[in-house]
Amino acid sequence: MIRVLEKNLTDKIAAGEVVERPLSIVKELVENSIDSGADTIVIEIKRGGKEYIRVSDNGSGIVFDEIKTAFLRHATSKIEALEDLFKIDSLGFRGEALSSIASVSKVEIVTRTKEAETGGRALLHGGEVIDFARTGSPIGTTIVVEDLFYNTPARLKFLKSDNVETTPVVELVSKLALGNPGIRFRLINNSKTLLSTNGSGDIKQIISMVYGKEVGDNLVSIYKRENTMEVKGYTSTLNLSRPGRRLQVFYVNERLVESDFLRNCLSKAYEEKLTGGRFPVSFLFINVPADFIDVNIHPAKLTVKFKDEEEVARLVMEGIKAAFE
Ligand code: ADP
Ligand code: MG
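Computed from a predicted model, the values in this text were never measured in an experiment. (Residues numbered from 1 in each chain as written. Chains lettered and ligands numbered in written order. Predicted model: local features only at pLDDT ≥ 70, side-chain atom pairs only at ≥ 80, totals over all residues. Heavy atoms only, no water.)

Here's the deal with the sheet that holds strand 14 (residues 255–257)
(1) Moving on: Strand order in the open sheet made by the five strands is 11-12-15-13-14, with mixed pairing throughout. Each edge of the open sheet is held by one strand with a lone partner, namely strand 11 (219–226) and strand 14. Neighbour-to-neighbour, the strand axes of the sheet open up by a mean angle of 20 degrees, direction not taken into account.
(2) Moving on: Sheet analysis places strand 13 (residues 248–252) next to strand 14, joined by three bridges and oriented antiparallel. In the strand pairing of strand 14, V252 is matched with R255.
(3) Moving on: Here helix 10 (residues 309–324) sits on the sheet in contact with strand 11, strand 12 (229–236) and strand 15 (282–287), set at roughly 135 degrees to strand 11. (Pairing = 2+ DSSP bridges. Helix = DSSP H or I, 4+ residues; strand = E, 2+ residues; numbered from the N terminus. Axes fitted to C-alpha atoms, helices over the stretch in contact; angles between N-to-C directions. Contact = heavy atoms within 4.5 Å.)

What follows is the structure in structure tokens.
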């Protein structure tokens, strides 16, 4: 059930702006779709997402009576009490994304749960519900975001060219697709399919689909487990390297994260193998007990902090070493 969190709880959640550009909207909407249990997610953008973003899923849907609630600030179905903050198993939990997105754009939502015979549709302009009715809908949720920042011209000015806004969206969807190999993803840009995966669950196959055969063919698999921690994934052989770190992708407990700490671990692991400004390509999936990390430190939830970094570093280094042997 979607409810508004109590103030004493929201005060403890790191606050921050979740909507800066189309990228952040796509991230929030796709993460909601992942949380909804969908196995198919379609993302469509036009003009870098400034004009149009659509995210459709075949997940749980939202019951009619809770559709409007979902757009209230701090409304979430994912946590209820303070204890829940320490064992988050969903990507979202702040209940801020839909309200923030709706407040700076024109949003349409069409959604239906599998139990309901008809779905619901709401239209919001600048956060105000201007239309709300029952409607026919497939099971799942489609959210369309149009005219981003139409009511905040100062922020509109900070949006970049179509191409500059598109690139990070493509990169993000690529990473989400391989981090969720059991979900079928499709990304459409200006009516052209840029990326599609088959949800086969085979990470290596999906890496090839997303990043190309050259990358897929030059990886070795990593698997290392110790006590309650494990690291798995794929890392490049010495036949494959890049002049930058763009193809270093990290998932911690199934959450896509940025981590200078993990980048440094990779650099150390390859320190004697790669030189001259070349970087390894690595897709690392690290799983640790939920109370071993703090995901609450960054509002966009991009970073994590490990409680014991040394232990994680050791596991990653040993995992890579073993992969090479
Ligand atoms: P959060 O994800 O932090 O809970 P959001 O503002 O992103 O907050 O979403 C609010 C609520 O709306 C979610 O908790 C969820 O119950 C519901 N919701 C949003 N998107 C979807 C979706 N694609 N499918 C099903 N439910 C959704
Ligand atoms: Mg969310």
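Some points on the environment of S36
(1) Moving on: Along the chain, S36 turns up in the loop between helix 2 (22–35) and strand 2 (40–46).
(2) Moving on: Accessibility expressed as a relative area gives 17% for S36, which makes it buried.
(3) Moving on: Separated by 25 residues in sequence, S36 and G61 place their C-alpha atoms 7.2 Å apart.
(4) Moving on: The residues touching S36, leaving out its near neighbours within four places in the chain, are D57, G59 and S60.
(5) Moving on: Among the polar contacts made by the side chain of S36, one reaches the main-chain carbonyl oxygen of S33 at a distance of 2.7 Å. (Buried < 20%, exposed > 50% of the residue type's maximum accessible area, 1.4 Å probe, protein only. Polar contact = N/O pair within 3.5 Å; in protein donor to acceptor, adjacent residues only side chain to side chain.)

Structural notes on the site of ligand 1
(1) Moving on: Among the 21 residues in the neighbourhood of ligand 1, the closest are listed as N32, T76, S77, K78 and G95.
(2) Moving on: Within the side chain of S77, a nitrogen or oxygen atom sits 2.5 Å from an oxygen atom of ligand 1.
(3) Moving on: Starting from 530 Å² of accessible surface for ligand 1 in isolation, the protein chains cover 95%.
(4) Moving on: Broken down by secondary-structure element, the contributors of at least two residues to the shell around ligand 1 are helix 2, strand 4 (75–76) and helix 4 (97–103).
(5) Moving on: In terms of residue class, the shell around ligand 1 is built from seven nonpolar, 10 polar and four charged. (Near = heavy atom within 4 Å. Areas by Shrake-Rupley, 256 points an atom, 1.4 Å probe, with all protein chains shown as cover. Nonpolar A, V, L, I, M, F, W, Y, C, P; charged D, E, K, R; others polar.)

A look at the nonpolar core
(1) Moving on: I43, F185 and F283 are the most contacted members of the largest nonpolar core, which has 60 residues in total.
(2) Moving on: Both domain 1 (7–196) and domain 2 (203–324) contribute no fewer than three residues apiece to this core.
(3) Moving on: For F283, the residues in contact, after removing those within four places along its chain, are L178, I207, Y211, V215, L219, K232, G233, Y234 and V249.
(4) Moving on: Of all hydrophobic cores here, the second largest spans 26 residues; its members include V252, L266, L274 and L315. (Core = buried A, V, L, I, M, F, W, Y, C linked by side-chain atoms within 4.5 Å. Domains from an automatic or database assignment.)

Here we look at the domain arrangement of the protein chain
(1) Moving on: What the domain assignment reports for the protein chain is domain 1 (7–196) and domain 2 (203–324).
(2) Moving on: One C-alpha centre belongs to domain 1, the other to domain 2; they are set 27 Å apart.
(3) Moving on: Domain 1 puts 30 residues into the contact, and the matching count from domain 2 is 25 residues.
(4) Moving on: Where domain 1 abuts domain 2, roughly 2100 Å² becomes buried across the two surfaces, and 59% of that area is made up of carbon and sulfur atoms.
(5) Moving on: Together, R94, K175 and L178 form the three largest contributors to the area buried by domain 1 at its contact with domain 2, with a combined 30%.
(6) Moving on: One can count one salt bridge joining domain 1 with domain 2.
(7) Moving on: Where domain 1 packs against domain 2, one counts four residue pairs in polar contact (both at pLDDT 80 or more).
(8) Moving on: Of all the secondary-structure elements, those providing two or more residues to the side of domain 1 that touches domain 2 are helix 2, helix 6 (162–179) and strand 10 (192–196).
(9) Moving on: Examining the composition of the side of domain 1 that touches domain 2, we find that eight residues originate from one element, helix 6, more than from any other.
(10) Moving on: Residue classes in the side of domain 1 that touches domain 2 are distributed as 15 nonpolar, seven polar and eight charged. (Buried area = accessible area lost by both parts, 1.4 Å probe. Salt bridge = Lys/Arg side-chain N within 4 Å of Asp/Glu carboxyl O.)

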